[in-house]
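One-letter residues, chain by chain:
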Amino acid sequence: MRDPRSLPKAHLHVHLESTVRPATVREWGGPAEPAGAFRTFREFGDQRAKVRALLITPERFRRVAVEFCADEAAQGTRYVEVMFTAAAHGERVGDPEMPLKAVLDGLAEGRDRYGIECRVLLDHSRRRPVERMWRTYELAIRHEQVIGIGLAGDESHPLAPFAPVCDAARDAGLHLVHHAGESAGADSIREAITLGHTERLGHGIRVLDDDALVAEVRELGLPLEVCPSSNVLLGLVPSLAEHPLPRLRAAGLTVTINTDGETALADEYARLRDVFGYGDADLADLATASIDASFAPPTLKAELRAGVNTWLTTPPTGSDAGPVTSTWPGTSAGPGDSPGAS
Ligand SMILES: [Zn+2]
């Protein structure tokens, strides 16, 4: 068995605000991390809101970004598209640009210090006004490192009111990636495709509710950003062993593995090996899928794919062969923001 930490990976679904280190939260006087799974989505949201309220100064936003880069690099992540709810933070702190600028500074420092390449996707909660989605769009088009926008949050709120923003974003050359098929069913996925122009499905696990949709998503080659432990932690799936991941792969869908910010990425790969009996070739396939599904520049994609191949074809060394801990619920993620934030 090779060490998943040395497998080059792309991380495509992770909310920056959910990755604040527990030690950092404690240092800022924030709430302790819950011991196990959240009982309700609301409980989860409340916990995350308390941590979000701690993000008030440029120094704190910047620090969260630098620590995120350090933690991701330690997991063998080489390229990240990280979600950040920039417009909501800007409104909350009374300075529209500051949170995003501070985060971009921190990610640049993280790149220099840890060799990890980051791009940003700005997310917007469906529960919040369309007007703020326009602010999100405006922030996105002004910053080169921001490559796209998307809707997150409670999928019982329809996407349709946000369709004009999605049209504008597509016309401006931004990428679009929406949460869909997580808490809501097949209709939320159809809406994300037709009205939202989504290029991947954030979660998308409930595609399996509808055979016709499975065929459509497969034919479109639309990658799924699957976050198994997050689904368990938020009570959407009863246990990891019952997670639909193997069925999604068996259906011929393009599946990538992500954390949502709720655990660490290499730990998640190790957990899948433990629970589903995946071998190194499976893990390499999942890593390659993450690279292919990313919006990384072609040269970087080629380099990372070659790295995956090297990982798989080089015999594990003594120091490389040790199993990564797959303790629940993971190690590096701590209390942060809710998916979709506020
Ligand atoms: Zn999410």
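For every chain, the first residue of its written sequence is number 1, and the numbers climb from 1 along that sequence. Reporting in this predicted model follows two pLDDT cut-offs: at least 70 for local features of residues, and 80 or more for side-chain atom pairs to be given and counted; totals over whole chains, interfaces and linings ignore these cut-offs and use all residues.

## Quick look at the overall build of the protein
Keep this limit in mind: Strands here mean DSSP runs of E at least two residues long; helices mean DSSP runs of H or I at least four residues long; both are numbered from the N terminus. Within these notes, the globule rule equals 2.2 Å times the number of residues to the 0.38 power, and the radius of gyration is based on C-alpha atoms. To assign burial, the other C-beta atoms lying within 10 Å of each residue's own C-beta are counted, with C-beta atoms placed from the backbone; 20 or more indicates buried, 12 or fewer indicates exposed, and intermediate counts indicate partly exposed. C-beta atoms are first placed from the backbone for all residues, and any pair lying within 7 Å is then listed as a contact.
Counting its secondary structure elements, the protein contains 14 helices and nine strands. Here the protein has a C-alpha radius of gyration of 18 Å; the compact-globule value for 342 residues is 20 Å, and the two agree. Dimensions along the principal axes, computed over C-alpha positions, put the protein at roughly 55 × 50 × 45 Å. Per-residue burial over the protein gives 52% buried out of 342 residues. Considering only contacts in the protein between residues 6 or more positions apart, those separated by 24 or more positions represent 78%.

## Description of unusual backbone geometry
Of note in this structure, histidine 197 is not a glycine but carries a positive phi near 55°. Following the sequence through the fold, histidine 197 ends up in the loop between helix H8 (186-194) and strand S7 (201-203). One non-glycine residue, histidine 203, adopts positive backbone phi at about 80°. Following the sequence through the fold, histidine 203 ends up in strand S7.

## Here's the deal with helix H3 (residues 58-74)
Basically, it comes down to this: Multiply 1.5 Å by the residue count of a helix minus one, and that product is the helix's expected span.
Over its 17 residues, H3 runs 25 Å from end to end, which matches the ideal 24 Å to within 8%, given 1.5 Å per residue. Residues Phe61, Arg62, Arg63, Val64, Ala65, Val66, Phe68, Cys69, Asp71 and Glu72 constitute the buried set of H3. If you follow the buried residues of H3, they end up packed against strand S1 (9-15), strand S2 (77-84), helix H5 (98-114) and strand S3 (117-125). Trailing H3 by a residue or two, glycine 76 shows a phi angle of about 80°, which is positive.

## Regarding the pairing of S2
Where we set the bar: At least two bridges found by DSSP between two strands is the condition for calling them paired.
Taken across its eight residues, S2 has eight buried, putting it largely inside the fold. Here five bridges tie S1 to S2, and the two strands are oriented parallel to one another. Looking at S2, one finds that lysine 9 is bridged to threonine 77. As judged from the six bridges shared by S2 and S3, these two strands associate in the parallel manner. Across the sheet, the residue bridging to glutamate 81 is arginine 119, located in S3.

## Describing the nonpolar core
Here is the rule we go by: A set of buried residues drawn from Ala, Val, Leu, Ile, Met, Phe, Trp, Tyr and Cys, joined through C-beta atoms within 7 Å, is what defines a nonpolar core.
Formed by 84 residues in total, the largest nonpolar core has its most connected members in Ala65, Val82, Phe84, Val103 and Leu122. With seven residues, helix H13 (residues 280-293) is the largest single contributor of residues to this core. For phenylalanine 84, the residues in contact, after removing those within four places along its chain, are Leu16, Leu100, Val103, Val120 and Leu122.

## Examining the sheet that holds strand S9 (residues 255-257)
The line we're drawing: Inter-axis angles, ranging from 0 to 180 degrees, are taken between N-to-C directions of lines fitted to C-alpha atoms, where helices are fitted over the stretch in contact.
The strand order across the open sheet formed by four strands is S6-S7-S8-S9, and the pairing between neighbours is parallel. Strands with a single pairing partner mark the edges of an open sheet, and in this sheet they are strand S6 (178-180) and S9. Averaged over all adjacent pairs, the angle separating strand axes in this sheet is 35°, with direction ignored. Here S7 pairs with strand S8 (residues 224-226) via two bridges, running parallel. Bridge pairing in S8 links glycine 202 to glutamate 225. Lying over the sheet, H8 contacts S6 and S7, oriented at roughly 155° with respect to S6.

## A closer look at the packing of H13 against helix H14 (residues 298-313)
Heads up, the condition is: Each angle receives one of four descriptions, namely roughly parallel if under 35 degrees, roughly antiparallel if over 145, roughly perpendicular if within 65 to 115, and oblique otherwise. Think of it as three bins: nonpolar holds Ala, Val, Leu, Ile, Met, Phe, Trp, Tyr, Cys and Pro, charged holds Asp, Glu, Lys and Arg, and polar takes everything else, Gly as well.
One way to put it is that H13 packs onto H14 with a least axis distance of 10 Å and a crossing angle of 175°. The angle between H13 and H14 falls in the class roughly antiparallel. For the pair H13 and H14, contact is made by Asp280, Ala281, Ala284, Ala287, Thr288 and Ile291 and by Lys301, Leu304, Arg305, Val308, Trp311 and Leu312, respectively. Of the residues assigned to the contact of H13 with H14, the class counts are eight nonpolar, one polar and three charged.

## Some words on the sheet that holds S2
Here we have five strands laid out as an open sheet, ordered S1-S2-S3-S4-S5, and parallel in their pairing. Each end of this open sheet is capped by a strand with a single partner; those strands are S1 and strand S5 (175-176). Here strand S4 (residues 146-152) runs beside S5; their pairing, made up of two bridges, is parallel. Paired with glycine 148 across the strands is histidine 175, a residue of S5. Seen against the sheet, H5 touches S2 and S3 and runs at an angle of roughly 155° to S3.

Structural measurements only, silent on function.
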